[in-house]
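Structural overview for review
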Amino acid sequence: MSCPWLTCGSGGRTEEEMIMVDMLENEAMDLRNGFVLDFCYNPNMEAMKPDYLKLAKSRLQKLASVLGNKPWFVGDEITFPDFLLYERLEQHRLFDPSLFNDFPNLLLAQPIRLLLKFTGTDFEDVRYELGPAPDYSRDQWFAVKETLGYDFPNLATARLTNHFVPQLPYYSDGKVKLTQSGAILRYIAKVNGLSGADDTEAAVIDMLANEVADLKQAFTGLVYNPNMESLKADWLVGVKPKLQRFSKYLGTRSWLVGEKISYADFLFYETLEGHRSFQPALLDDYPNLKEYISRFESLPAISAYLKSSDYIAYPWYGPVAAWGGK
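Described below are features of the structure shown in this document. (Residues numbered from 1 in each chain as written. Predicted model: local features only at pLDDT ≥ 70, side-chain atom pairs only at ≥ 80, totals over all residues. Heavy atoms only, no water.)

1. Points about the environment of Pro153
With respect to the secondary-structure elements, Pro153 resides in the loop between helix H6 (139–142) and strand S1 (170–172). Once the C-alpha coordinates of Pro153 and Leu178 are considered, the two residues, 25 residues apart in sequence, prove to be 8.7 Å apart. (Helix = DSSP H or I, 4+ residues; strand = E, 2+ residues; numbered from the N terminus.)

2. Quick notes on the environment of Asn210
Locating Asn210 in the fold gives a position in helix H8 (residues 199–223). Judged by relative accessible area, Asn210 falls into the partly exposed class, the value being 34%. A C-alpha to C-alpha distance of 9.3 Å links Asn210 and Gly182, two positions 28 residues apart in sequence. (Buried < 20%, exposed > 50% of the residue type's maximum accessible area, 1.4 Å probe, protein only.)

3. Considering the nonpolar core
Leu243 and Phe296 are the most contacted members of the largest nonpolar core, which has 79 residues in total. With residues near it in sequence (within four places) discarded, Phe296 still touches Leu114, Trp255, Ile261, Asp265, Phe266, Tyr269 and Ile302. (Core = buried A, V, L, I, M, F, W, Y, C linked by side-chain atoms within 4.5 Å. Contact = heavy atoms within 4.5 Å.)

4. Let's talk about the pattern of salt bridges
Here the idea is simple: oppositely charged side chains can pair when their charged atoms come close. Within the structure shown, the criterion is met by eight salt bridges. Notably, a salt bridge pairs Arg186 with Glu25, separated by 3.7 Å at the nearest N-O pair. The two residues Arg186 and Glu25 agree in class, both being buried. Notably, a salt bridge pairs Lys290 with Asp284, separated by 3.0 Å at the nearest N-O pair. Judged by relative accessible area, Lys290 falls into the partly exposed class, the value being 32%. For Asp284, a relative accessible area of 45% gives the class partly exposed. What emerges from the salt-bridge pattern is a single network uniting Asp22, Glu25 and Arg186. (Salt bridge = Lys/Arg side-chain N within 4 Å of Asp/Glu carboxyl O.)

5. Quick look at the packing of aromatic side chains
Applying the stated criterion across every chain yields a total of 20 aromatic pairs. Between Phe278 and Trp323 the ring centres are 5.2 Å apart and the planes differ by 80 degrees, which places this aromatic pair in the edge-to-face class. With Phe278 in helix H10 (residues 263–278) and Trp323 in the segment after helix H12 (300–306), the pair connects residues that are 45 residues apart, well separated along the chain. You'll find Phe278 and Trp323 in the same group, each marked buried. (Phe/Tyr/Trp six-rings, centres within 6.5 Å; stacked < 30°, edge-to-face > 60°.)

6. Focus on unusual backbone geometry
The phi dihedral of Gln180 falls on the positive side, at around 80 degrees, and the residue is not glycine. Tracing the chain through its elements places Gln180 in the loop between strand S2 (177–179) and helix H7 (181–191). The exposure class assigned to Gln180 is buried, which follows from its relative accessible area of 6%.

Set out below in structure tokens:
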């Protein structure tokens, strides 16, 4: 029987459960990316293995804490993150069974700021600074992260490579306490009517947000690679078909899903602007994408924010990035 998650109820029964489902989905994606992309595909995997096992154990500890004595991660009924997390956990168990010896019961902020400004939401923007080179200490964040009351206050680093930035952001509005940038964006969007007019449009918006995330992830991988300059030419060839597809999809619409902006547009704008800053001529063949950037920046609330002292124009990335860092 065909039974999509949303129509079969396995995306959560209550608002609180749906929020937890979103957050767990993103945790599962992080667990997979860290294991498969950053570790298993790394030619230096064997040398990295001790550090990876330490990081994985920290992630598993947090998941074990959330699961507790519940039969499933959200409660008494299975939800789709359980299927995602089962696969991730099984991968880790097969890789190193001893990882689970201590867990018998058993993974980003600028678009959020833009969305909060657009919706007129008052917020306190708490920022944590890295220490100076060469260690780039994260002690400022580590000193408080376990005191804030979040289920997943995030771990040492976003990746095992030289991404020296703690996995932030976090968000609290008195009703929820969230980590994971995707879950935060979707929550703010839903509260403000920017996550789709119905289930079909919401699914399309989620698809577009993930496509944009793939585009950004490839770009981030490039700028954090110490061999960026030698890889740049091939990256420029590879990114053009992706931009062409986005350009074709956007067509003459104002926003990605029509004439009403959605949370995917906040992700898309930031990603496009990053690409344009990196290579100003990159969008010359896609005039509708350049017009899209201008249209987004002309929104009154966004325009005011971009001109304010609160706006972070630079750096784009952490201090060890080959481009866009301090």
